[in-house]
Amino acid sequence: MAALIQKLFGRKKAPAPKQTEPAEPTVNQQEKADRQDELRQQQLSQLAASPSQAELESLATAGVTAEIRLSAVKGLSDKQALQRVQKHAKGKDKGVYQIVRQALQSIKADEEEAQHRQEAIIGLIRNAQDQAKSDDTKLFEPRLEALLKRWSDLESHATETQTSEFLQAVHQCRSRLDEINAEKDQQTRAREQKNQRTETLTLLEQTIDELKHPSEDAEPALASLDALQKTQENRWLEATRETTVEKQEQKSYEALMLPLRSYITALRRLGQNRDAIQTHLNEPESDPTAVKELLDTIDWPEGFPLPPLLQQLANKAGETPRKNLENQSATKDSAEQKALADTLTQTLSQLEQALEARQLKESRQLFKAAQQQFKQLDRKYSQPLQARIQLLGGQLRELTDWQGFATRPKQIALCEQMEYLAEQPIEPEAKAERIKELQNEWRGLGGSSDRELWARFKQASDLAYEPCKAYFAAKSGLKDANLEARKTIVEQLQTFIDNADWQSIDWKAAEQIHQKAREEWKAAWPIEFRDNRPVQKDFDALLKRLEEPLNEERRKNEALKQDIVERAEALTDHEPLSEAMNQAKALQSEWQQVGITRHREDRRLWQAFRKACDQIFARRDAAKNEQQAQAQAADEQAGPVLEKSHQLDESHPLPDLASCLGELDALNHEPLSGSAQNQVRQEQTRLRSLIESLRSQEKLNAWKSHVQSRVAGSLNASDLPGHWPKLAESLEIADAAELVIRAEILAETASPADEQSKRMEIQVQRLADGMGGNGNDQSRLAQMESLVACWCQLPEDESLNQERADRLIAALEAAVSQPA
């Protein structure tokens, strides 16, 4: 405190004596002022001449004016010079001190930003390298694109070495991505082939079942069955090409195709001998021996019902008719399917309970089990459960998303705990135990799909375990064990190379040995460098001996693949297209048979081969596009006709409707698209209904006119249709009252109360005559027309009056309004 007070008061100067008049400057004072002015001019000139950092530092500390010092310090950019100026100006020159302080803060901020960028660059390179080695292929390409996007922001601040490391890691990632995509394509193709085989087996099962249980009066069509057999044989051939087919699946196909072929062959023989069969059937007495020989010639397969023609021939030969036996295996299969369906139902119930309890791990296991059980069910038992399993799958995805959202804060907290643990000087064994606990907690949360968060936790774990690693290595003699492991690798590699028969060796196995030896050698670390030197020398020499024949074999195989590429390129213009496609598929199979190659060269050849194959199959796509273009042109041609049809309704004349219907019928032969065909069919149906309705209405109006004219007595017999007298004669009706009641019965309308007994009598009589319904052999309107014809032929009497005419007209209107 005393020192501060002394310093504070030591700065105060004694007050100058008061002068009544300004003093005259002395000679010394004038010379001092001149020198000061001259020095100021020199320093100003120095400032204007682009001074160096050292000169600016000198001016900032020794400038004669505040303006010179401030101008000099503003030009300073060297950190150490600024620090020296700050130290000199502290407590002496407030303006210079503030500017220097701000400049140093700016430099510090730039340095921190540069440091953060370098840390980000190093982390980005590490992430790219980790991704290139990672076994996690989920969202591989989006993660790579995210890395590239972040690198584009930091690339200008990276060194040449860092840029080279990152680009090398990205190249490895892209190579890995190509392998992943190729594997996905292969898996997609395998799934598609599996679906095609499943559909083939299903179709064959349905076909054989339909042949074994045909509908009544159904005759098998040889042409359609023959086409189905050839189609499914080709389909199965394509679905089993270049893929592994289970023996049971192949057996199922052969077991289904064999009876189908037998059936088609027998059906063909039946057609060839149809005339001979008919001859035997037409003869009153045929030779039973000849008939049996004919049956043996046709040789109808067991398990399929005999066609009616063969059954008649068998009866004529005196053979017992073949009976349709129940398929006991079908009953057994049905019981197994029902048991599987019950098991799946129980699994789905357990899955619902697990989802309600939000047990993610158990829910995933149960859903996987349910999917496997679902695949074993046939369509009959799987279809009722399909919607339920899809719903539960959606709930499982929602639970997975929710679990990720809920666990992220906990995972961030684990990262922070691990980072804090890495900074603490804890005893190695206790520290390792705590690291293990945090890692178990991380695994207990189900891991993380966030790669950056996982990389952060892993980096912190590695950093925390670094001192423990050295401790445990020293404690367990890890380096000695690794040295012995490397010596063992050298001995094993030496034995393999000395005993290998390079004329008949499995090259892929040899390549794997080469790769495995390198991996195990690398894994045997840490190791004492001095002790490892001679072992490393032997290992390198052995690798070189192994690589020589491997490289020779790779070059040989690369030449084979180059030849395949050239043959594929020659097929790009080959005609016919189907032959080119078949040869391209054969080349793809041949490609798969070629042995080991260098990875980079293999990728180059594969890209060229794939490009040629794509060009071949693009021609097929072009043909499809041409068909689509034809369909589009046909749709455009049909557009005006459909638009015209949409505008027509019951208010338009009948000839317009018929004309438009004819135009729609003409479109049936055009190559329309599926949607356009549906529209045309809908409009055809609608117009036919309108035409039928209008014609019925015209007929009703004519009938009503004849009914009224007969009551009024103005009916002219020449105006009636020529067939009406014959229709009237077919009905034995006593009077107009009975006729009207019959019309009301047909139209299902009520009759007056005083005529109910008469109506009941007529209905009983109709039942007795076998006409209890609304029609017998004739339609309702046809019977109505007979009644109207009879009305017009009735003799004049009192039963023929206006009241009954109105009732008859009402019945006619009701009958016409009802559906046929």
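These numbers come from a predicted model, not from an experiment.

1. So, the overall build of the protein
In terms of helices and strands, the protein carries 30 helices and zero strands. Put simply, the protein has 820 residues, and 33% of those count as buried. Intrachain contacts of the protein at a sequence separation of at least 6 include 70% that bridge at least 24 residues. A total accessible area of about 52,400 Å² is found for the protein, and carbon and sulfur atoms account for 49% of it.

2. Points about the packing of aromatic side chains
The description of an aromatic ring pair rests on the distance of the ring centres and on the angle between the ring planes. Counted according to the given criterion, the structure contains 11 aromatic pairs. With a centroid separation of 5.0 Å and 70 degrees between ring planes, the pair formed by Tyr263 and Trp300 is classed as edge-to-face. You can see Tyr263 sitting in helix α10 (residues 247-272) and its partner Trp300 sitting in the loop between α12 (288-298) and α13 (308-316), a full 37 residues away along the chain. For the pair shown, Tyr263 and Trp300 are each scored as buried. Where Phe496 meets Trp502, the ring centres are 6.4 Å apart and the plane angle is 85 degrees; that geometry is what we call edge-to-face. Members of the aromatic cluster, connected to one another through ring pairs, are Tyr263, Trp300 and Phe304. Positioned above the aromatic ring of Phe304 is the side chain of Lys212, whose terminal nitrogen or guanidinium carbon lies 5.7 Å from the ring centre.

3. Overview of the pattern of salt bridges
Under the counting rule described, the total for this entry stands at 38 salt bridges. We note a salt bridge from Glu199 to Arg235, for which the minimum N-O separation is 2.2 Å. A residue pair is termed long-range when its members are at least 10 positions apart, and Glu199 in helix α8 (residues 160-212) and Arg235 in helix α9 (residues 222-239) qualify at 36 residues. Linked by salt bridges that have partners in common, Glu744, Glu755, Glu803, Arg804 and Arg807 make up one network.

4. Things to note about the nonpolar core
Counting residues in each nonpolar core, the largest one holds 32 residues, and the members touching the most others are Val707, Trp724, Leu739, Met784, Trp791, Leu808 and Leu812. Those elements that place two or more of their residues in this core are α25 (674-712), α26 (724-729), α27 (736-747), α29 (780-793) and α30 (802-817). No other element matches α30, which puts eight residues into this core. Leu211, Tyr253, Met257 and Leu310 belong to the second largest nonpolar core, which has 29 residues in total.

5. Digging into unusual backbone geometry
With an omega of 0 degrees, the peptide bond running from Glu575 to Pro576 counts as cis. Position of Pro576 relative to the elements: it lies in the loop between α21 (529-570) and α22 (577-593). Backbone geometry at Asp299 places phi at a positive 50 degrees, although glycine is not the residue there. As for its placement among the helices and strands, Asp299 is situated in the loop between α12 and α13.

6. Describing the packing of helix α6 (residues 94-133) against α8
Contact geometry for α6 and α8: axes closest at 8 Å, N-to-C directions at 25 degrees. The orientation of α6 relative to α8 falls into the category roughly parallel. The element α6 and its partner α8 pack so that their crossing is left-handed. For the pair α6 and α8, contact is made by Gln118, Ile121, Ile122, Leu124, Ile125, Ala128, Gln129, Gln131, Ala132 and Lys133 and by Gln162, Glu165, Phe166, Ala169, Gln172, Cys173 and Arg176, respectively. Counted by class, the contact of α6 with α8 contains nine nonpolar, five polar and three charged residues.

7. Overview of the environment of Gln411
By secondary structure assignment, the location of Gln411 is in helix α16 (residues 379-423). Taking C-alpha positions, Gln411 is 6.7 Å from Trp442, a pair spaced 31 residues apart along the chain.

8. Some details on α10
For α10, which comprises 26 residues, the first-to-last C-alpha distance of 37 Å matches the rise-based estimate of 38 Å (1.5 Å per residue) to within 8%. Buried within α10 are the following residues: Glu249, Tyr253, Leu256, Met257, Leu260, Tyr263, Ile264, Ala266, Leu267 and Leu270. In this fold, the buried residues of α10 make contact with α8, α9, α11 (274-282), α12 and α13.

9. What about the environment of Asp209?
By the element assignment, Asp209 lies in helix α8. When the C-alpha atoms of Asp209 and Phe304 are compared, they prove to be 9.4 Å apart, with 95 residues separating the residues in sequence.

10. Observations concerning a negative patch on the surface
Together, Asp287, Glu293, Asp296, Asp299 and Glu302 make up a negatively charged patch on the protein surface. By the element assignment, Asp287 lies in the loop between α11 and α12.

11. Examining α9
Over its 18 residues, α9 extends 25 Å from the first C-alpha to the last, a length consistent with the 26 Å expected when each residue adds 1.5 Å. Among the residues making up α9, those that are buried are Leu225, Asp226, Leu228, Gln229, Gln232, Trp236 and Ala239. The buried residues of α9 occupy an angular sector of 165 degrees when the element is viewed end-on, so they sit on one face. Summarising the contacts, the buried residues of α9 are in contact with α8 and α10.

12. Quick notes on the packing of α8 against α9
Two elements in contact, α8 and α9, have axes separated by 9 Å at closest approach and are oriented at 155 degrees. One finds that α8 runs roughly antiparallel with respect to α9. Read as a crossing pair, α8 and α9 show a hand that is left-handed. Along its contact with α8, which presents Gln193, Gln196, Arg197, Glu199, Thr200, Leu201, Leu203, Leu204, Thr207 and Leu211, the element α9 presents Leu225, Leu228, Gln232, Arg235, Trp236, Glu238 and Ala239. Broken down by class, the residue content of the contact of α8 with α9 amounts to eight nonpolar, five polar and four charged.

13. What to know about the environment of Arg600
Structurally, Arg600 is set in helix α23 (residues 599-646). Arg600 gets classed as exposed once you look at its relative accessible area, which sits at 65%. As for Arg600 and Ser175, which are separated by 425 residues in sequence, their C-alpha atoms are 8.6 Å apart.

14. As for the side chain of Asn557
Summarising the element assignment, Asn557 is placed in helix α21. What makes Asn557 buried here is its relative accessible area of 3%. Among all residues touching Asn557, those that are not within four sequence positions of it are Val594, Gly595, Ile596 and Thr597.

15. What about the confidence of the model for the protein?
Overall, the prediction assigns the protein a mean pLDDT of 80, with 90% of residues at 70 or greater. Low pLDDT, under 50, characterises residues 1-27; the predicted model gives this stretch zero contacts beyond four residues in sequence or across chains. With pLDDT under 50 throughout, residues 773-778 is counted as low confidence; its partners more than four residues away or in other chains account for 12 contacts.

Reading the values: rules and limits
- Residues numbered from 1 in each chain as written.
- Predicted model: local features only at pLDDT ≥ 70, side-chain atom pairs only at ≥ 80, totals over all residues.
- Heavy atoms only, no water.
- Helix = DSSP H or I, 4+ residues; strand = E, 2+ residues; numbered from the N terminus.
- Buried < 20%, exposed > 50% of the residue type's maximum accessible area, 1.4 Å probe, protein only.
- Contact = heavy atoms within 4.5 Å.
- Areas by Shrake-Rupley, 256 points an atom, 1.4 Å probe, with all protein chains shown as cover.
- Phe/Tyr/Trp six-rings, centres within 6.5 Å; stacked < 30°, edge-to-face > 60°.
- Lys NZ or Arg CZ within 6 Å of the ring centre and 35° of its normal.
- Salt bridge = Lys/Arg side-chain N within 4 Å of Asp/Glu carboxyl O.
- Core = buried A, V, L, I, M, F, W, Y, C linked by side-chain atoms within 4.5 Å.
- Axes fitted to C-alpha atoms, helices over the stretch in contact; angles between N-to-C directions.
- Parallel < 35°, antiparallel > 145°, perpendicular 65-115°, else oblique.
- Left-handed = near helix turned anticlockwise from the far one by under 90°.
- Nonpolar A, V, L, I, M, F, W, Y, C, P; charged D, E, K, R; others polar.
- Expected span 1.5 Å × (residues − 1).
- Patch = residues over 30% accessible without salt bridge, like charges linked within 9 Å, V, L, I, M, F, W, Y side chains within 5 Å.
- Lys, Arg positive; Asp, Glu negative; His and termini not counted.
- Charge placed at Lys NZ, Arg CZ, Asp CG, Glu CD.
- Arc of directions from axis to C-beta.
- pLDDT = per-residue confidence, 0-100.

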